[in-house]
Structure formats: structure tokens, C-alpha cells
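Notes for the structure review
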Amino acid sequence: MPISVLVVDDSPMARKMLIKSLPADWDIEIRQAGNGEEALAAYREGRADVIFLDLNMPGVDGYGVLATLQAEGLNCLVIVVSADVQPQARERVMKMGAIAFVQKPVDAGKLKPVLREYGVLV
């Protein structure tokens, strides 16, 4: 059964680049969201085992998504993908339940070990 992956970024180009960096042999079903509201709706519909989440988006940003997921009992894996490499940002998202912080542009080689560590990629 495929793993449900949700790629959340307000930039269609950033979503496309992230999707291209995912392992080709990974059995997944990919959905996309262009903002935090769409991401939360997909999550609530049970469409997200793994979320790749941008931080800086208009409306509900990545921090808002994480806060809501945390309040609702987070039952998916969240990997933050952001160009904001400040240590405070990384520390904050990890405290909010993210399993990893990956810098944009995404390096596929750095993504695989995270996915393996959490058992979503064999």
C-alpha cells in the first residue's frame, strides 16, 4: 500500500523540485497543497502519512500548520523544507513535532537517510 505524501509550498516550482528529489523507487501517492489551509484540510481527510512542509507561506504558514497538527495530536511525519536556515527556526520546528529540517533546494541524498530512519523508506 503506498504511503500518502503531501508536499506543501506556495511555490509550484518549489513543489515540483521537491517531488523530483524524492526517491524514484519509493511507493508513494503524492498530493500537493499551495498553502497551510489546504495542507490542514488534506491532513484532516487522512491524506498525509508524510508531509514536506515549507515554513514561509501567506495565510497559515508552516509554523501555523505545525501548531495545529500538534494541537490535534499529530499522527503523521513532518519534514520541514525551508530556505530559512537560522538555528532558531530549526529548533522551533523540531520542538513543534517535525522529524527533520531540510534546506532548500532539497538534496535527495540528504533526504533518504531521514526517510529510512523513520521507516517510511526501505
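Right, let's walk through the structure included here.

Here the focus is the nonpolar core. Among the nonpolar cores identified, the biggest contains 24 residues, and L6, V8, I51, L53, V78, V80 and V93 are the most heavily contacted of them. Going through the elements one at a time, β1 (3-8), α2 (36-44), β3 (50-53), α3 (62-71), β4 (77-82) and α4 (87-95) are the ones with two or more residues in this core. With residues near it in sequence (within four places) discarded, V80 still touches L53, L55, L66, V93, A98, A100, F101 and V102. In terms of nonpolar packing, the next biggest core, distinct from the first, is built from 18 residues, W26, F52, L115 and V120 among them.

Below, the discussion takes up the environment of P58. Position of P58 relative to the elements: it lies in the loop between β3 and α3. A C-alpha to C-alpha distance of 13 Å links P58 and A33, two positions 25 residues apart in sequence. Other than its neighbours up to four places away in sequence, P58 contacts D10 and N35.

Definitions and limits used
Residues numbered from 1 in each chain as written. Predicted model: local features only at pLDDT ≥ 70, side-chain atom pairs only at ≥ 80, totals over all residues. Heavy atoms only, no water. Core = buried A, V, L, I, M, F, W, Y, C linked by side-chain atoms within 4.5 Å. Buried < 20%, exposed > 50% of the residue type's maximum accessible area, 1.4 Å probe, protein only. Helix = DSSP H or I, 4+ residues; strand = E, 2+ residues; numbered from the N terminus. Contact = heavy atoms within 4.5 Å.

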